[in-house]
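# Structure at a glance
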Amino acid sequence: MFANKLLVAAALFVGTLGLASVSHADALSDITARGTLRVAVPQDFPPFGSVGTDMAPMGYDIDMANLIAEKLGVKTELVPVTSANRIPYLQTNKVDLVISSLGKNAEREAVIDFTAAYAPFFNGVFAPADVAVAKVEDLSGKIVGVTRGAVEDLELTKIAPADLTIKRYEDNNGTISAFLSGQVELVATGNVVAAAILAKNPPKRPELKFLIKNSPCYIGLNKNEPALLEKVNAVITAAKTDGTLNGIAQKWLGTDLPADL
Amino acid sequence: MSYHFEFNWLAQYYPEIVKGIGITLQLILIGAVLGIALGIACAWARALGPAWLKPIVATYVELIRNTPFLIQLFFIFFGLPSLGLQLGELQAANIAMVVNLGAYSCEIIRAGIQSTAKGQFEAGASLAMTPFETFRHVVLVPSLQRIWPALSSQVVIVMLGSSVVSQIAAEDLTFAANFIQSRTFRAFEAYMVSTAIYLILAILLRQALAVIGSFIFPRRAAR
């Protein structure tokens, strides 16, 4: 009895799916017809997306959204999202693209598609240029500051040489202060935190010595949208080639794009 | 309440806790001995010292007693390197505690000194004691005896206040609790254990100070 009901429900569900796919056959032509590109962007994650002093959203992801809309010849409609609801917004067709510092993993790849990477996101060990460290073994005998409990704390603790001293601070501000005041020579942190330090033009400039964990950001879009996927990928590739994307990276992260992006 | 307690992490992390207790004890030992010494010197200066010294000591005491300990600690650890004085986290923590207890104990001890009857000073002078000898033998010891319970409380307060040194990555008992919490996500248990240890440390410290008091002041005041 129950199995029968389930079967009917499933048949109805599949039927609805069929109807839904008829109503929007192709996201790219929908966008062109509408004249706006709806993009899910973060509003609480600087420098990728935050609210400026004029209350307008700003950041790496917002510049990226505007760039793609411009290349598609349409207007941008920014939809602020949180990290928890950015994929549901896409799945329920409230937005066309998610440009929200989204990392790629197997669970997400099962439900949505990803374009090429558009922004670097990694954590690593940073220090001024004159500190001779190029790999984890070079940390022997050194002192590294880190934010307690952060991913880089857990990862560095696993791979650290036995005679490395790890100073664990309460939050990112403590880690930044310890680095800037010279209490620690090196810090293990994210490129976003390093960018926040660089933005203040400090006397000690944190430069990447080596990567701990690399998880670049991708643009998310719904599955089975090959035309939109191809178009956005073409925009990203062109922006990498002509230096536009490097300009955005310089503006928001204070460094050039990594060569492998 | 259906919270499921889980203390398995104790086996793995007890070295951190032991180390943390060691650091906390070391901080309060150095802080208490040097802090009370500084307090006695400042109390003498404010109560009996030369006129030019009084405003200097008064400024120090009021500056410390009217600013938060955490800010004093950050000033020493993060601020002084800009002036070229680079201190490790334990040195910074020790100095902050000595400076802090010095100011508070100054006022407690000064109260004891100023409650000494004028006749006591005159008695010392009439026995041909120098002002310093009078201060040391006649004034200071009975003064300390009178304010010893208040001073003991202040030492315990400073020991408990030392928990904030984990903010500058000094690996005291609070650091151990925070560290375990961030690795095991067992916040309730980690802070339960550290709370119990702080409570035991505070009770033991009070007992120790009472014993020390009974050695320094073997005679009860005749009243």
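Analysis parameters
Residues numbered from 1 in each chain as written. Chains lettered and ligands numbered in written order. Predicted model: local features only at pLDDT ≥ 70, side-chain atom pairs only at ≥ 80, totals over all residues. Helix = DSSP H or I, 4+ residues; strand = E, 2+ residues; numbered from the N terminus. Buried ≥ 20, exposed ≤ 12 C-beta atoms within 10 Å, placed from the backbone. Contact = placed C-beta atoms within 7 Å. Pairing = 2+ DSSP bridges. Axes fitted to C-alpha atoms, helices over the stretch in contact; angles between N-to-C directions. Domains from an automatic or database assignment. Nonpolar A, V, L, I, M, F, W, Y, C, P; charged D, E, K, R; others polar. Right-handed = clockwise from strand over helix to strand, strands pointing away. Core = buried A, V, L, I, M, F, W, Y, C linked by C-beta atoms within 7 Å. UniProt positions renumbered as here; feature names shortened; annotations may be inferred. Parallel < 35°, antiparallel > 145°, perpendicular 65-115°, else oblique. Left-handed = near helix turned anticlockwise from the far one by under 90°. pLDDT = per-residue confidence, 0-100.

## Concerning the overall build of chain A
When helices and strands are counted, chain A shows ten helices and 13 strands. When each of the 261 residues of chain A is scored for burial, the buried share is 38%. A fraction of 67% describes how many contacts in chain A between residues 6 or more apart in sequence connect residues 24 or more apart.

## Topic: the sheet that holds strand β1 (residues 36-42) of chain A
Residues and elements named next belong to chain A. Read from one edge to the other, the open sheet built from five strands follows the order β5-β1-β6-β13-β7, with strand pairing classed as mixed. With partners counted over all chains shown, the strands left at the sheet margins are β5 (75-81) and β7 (113-119), one partner each. Averaged over all pairs of adjacent strands, the angle between their axes in this sheet comes to 30°, without regard to strand direction. Sheet topology note: the β1/β5 ladder contains seven bridges and is parallel. Of the residues in β5, the one forming a bridge with V39 is L78. Here helix α9 (residues 226-241) sits on the sheet in contact with β6 (97-103), β7 and β13 (217-221), set at roughly 10° to β7.

## Structural notes on the sheet that holds strand β11 (residues 186-190) of chain A
Residues and elements named next belong to chain A. Overall, mixed pairing links the five strands, which are arranged β10-β9-β11-β8-β12 in an open sheet. The open sheet has two edge strands, β10 (165-169) and β12 (207-214), and neither has a second partner. Geometrically, the sheet is characterised by an average inter-axis angle of 25° between neighbouring strands, direction not taken into account. Relative to β11, strand β8 (residues 122-127) is paired through four bridges, and the arrangement is antiparallel. Opposite F126, over in β11, you have V187 as the bridge partner. Packing against the sheet, helix α8 (residues 191-198) makes contact with β8 and β11, and its axis sits at approximately 115° to β11.

## Things to note about the domain arrangement of chain A
All names here are of chain A. Assigned domains of chain A: these are domain 1 (21-120 + 216-253) and domain 2 (122-214). Computed over C-alpha atoms only, the centres of domain 1 and domain 2 are separated by 30 Å. Contacts between domain 1 and domain 2 engage four residues on the former and five residues on the latter. Looking at the side of domain 1 that touches domain 2 residue by residue, the classes come out as four nonpolar, no polar and no charged.

## Here we look at the pairing of β10(A)
Residues and elements named next belong to chain A. Pairing of strand β9 (residues 143-147) with β10 involves five bridges; the strand directions are parallel. Within the sheet, the bridge partner assigned to V144 lies in β10 and is I166. Handedness of the β-α-β unit built from β9, helix α6 (residues 151-159) and β10 comes out right-handed.

## Things to note about the nonpolar core
Membership of the largest hydrophobic core comes to 73 residues, with the highest contact counts inside it found for A:V144, A:V187, B:A43, B:L73, B:A93, B:I109 and B:I168. If you tally residues by element for this core, the top one is helix α4 (residues 89-114) of chain B, at 13 residues. If you look at the next biggest cluster of nonpolar residues, it comprises 44 residues, including A:V41, A:Y60, A:V98 and A:L221.

## A closer look at the interface of chain A and chain B
Residue-level contacts link eleven residues of chain A with ten residues of chain B. Mapped onto the side of chain A that touches chain B, the elements with two or more residues apiece are β10 and α7 (172-180) of chain A. Take the side of chain A that touches chain B: its biggest share by element is three residues, from β10(A). Partitioning the side of chain A that touches chain B into residue classes produces one nonpolar, six polar and four charged.

## Some thoughts on the UniProt feature "transmembrane region" (unreviewed entry) in chain B
All names here are of chain B. Under the local residue numbering, the UniProt record ascribes the feature "transmembrane region" (unreviewed entry) to residues 21-49, 69-87 and 190-217. Across residues 21-49, the secondary structure splits into 97% helix and 0% strand, with the terminal C-alpha atoms separated by 39 Å. The distance separating the terminal C-alpha atoms of residues 190-217 is 40 Å; by composition the span is 96% helix and 0% strand.

## Some remarks on the packing of helix α3 (residues 60-72) of chain A against helix α10 (residues 244-253) of chain A
Residues and elements named next belong to chain A. Where α3 meets α10, the axes come as close as 10 Å, and the angle between the chain directions of the two elements is 155°. Between α3 and α10, the interaxial angle falls into the category roughly antiparallel. Like other packed secondary-structure pairs, α3 and α10 cross with a definite hand, here right-handed. Together, Y60, D63, M64 and L67 of α3 and T244, I248 and W252 of α10 make up the contact between the two elements.

## Points about the environment of B:F69
Residue and element names in this part refer to chain B. Along the chain, F69 falls in helix α3 (residues 69-79). Classification of F69 by C-beta neighbours within 10 Å gives partly exposed; the count is 18. Distance from F69 to F135, taken between C-alpha atoms, is 31 Å for residues 66 residues apart in sequence. Non-local contacts of F69, meaning those with residues more than four positions away in its chain, are made with A96, N100, G161 and V164.

## A few points about the environment of A:G145
All names here are of chain A. With respect to the secondary-structure elements, G145 resides in strand β9. Distance from G145 to N233, taken between C-alpha atoms, is 38 Å for residues 88 residues apart in sequence. In this structure, G145 is in contact with K167, Y169, T175, A178, F179, V184 and V187, ignoring residues within four places of it in sequence.

## A few points about the confidence of the model for chain A
Per-residue pLDDT for chain A averages 88, and the proportion of residues at 70 or more is 90%. The low-confidence segment residues 18-23 of chain A, where pLDDT is below 50, has zero contacts with residues more than four positions distant or belonging to other chains.

## Brief notes about the packing of α4(B) against helix α6 (residues 131-161) of chain B
Residue and element names in this part refer to chain B. Close contact between α4 and α6 brings their axes to 8 Å; oriented N to C, the two are set at 140°. Taken together, the axes of α4 and α6 are oblique relative to one another. Note that α4 runs across α6; the crossing there is right-handed. Along the contact surface, α4 presents M97, N100, L101, Y104, S105, I108, I109, A111, G112 and I113, while α6 presents V139, S143, L144, R146, I147, A150, L151, Q154 and V158. Residues of the contact of α4 with α6, tallied by class, amount to 13 nonpolar, five polar and one charged.

## Regarding the environment of B:F217
All names here are of chain B. Here F217 shows up in the segment after α8 (187-216). Using a count of 15 C-beta atoms within 10 Å as the deciding quantity, one classes F217 as partly exposed. When the C-alpha positions of F217 and I17 are compared, they lie 36 Å apart, and in sequence the two are 200 residues distant. Contacts of F217, omitting those with residues within four sequence positions, involve V141 and Q145.

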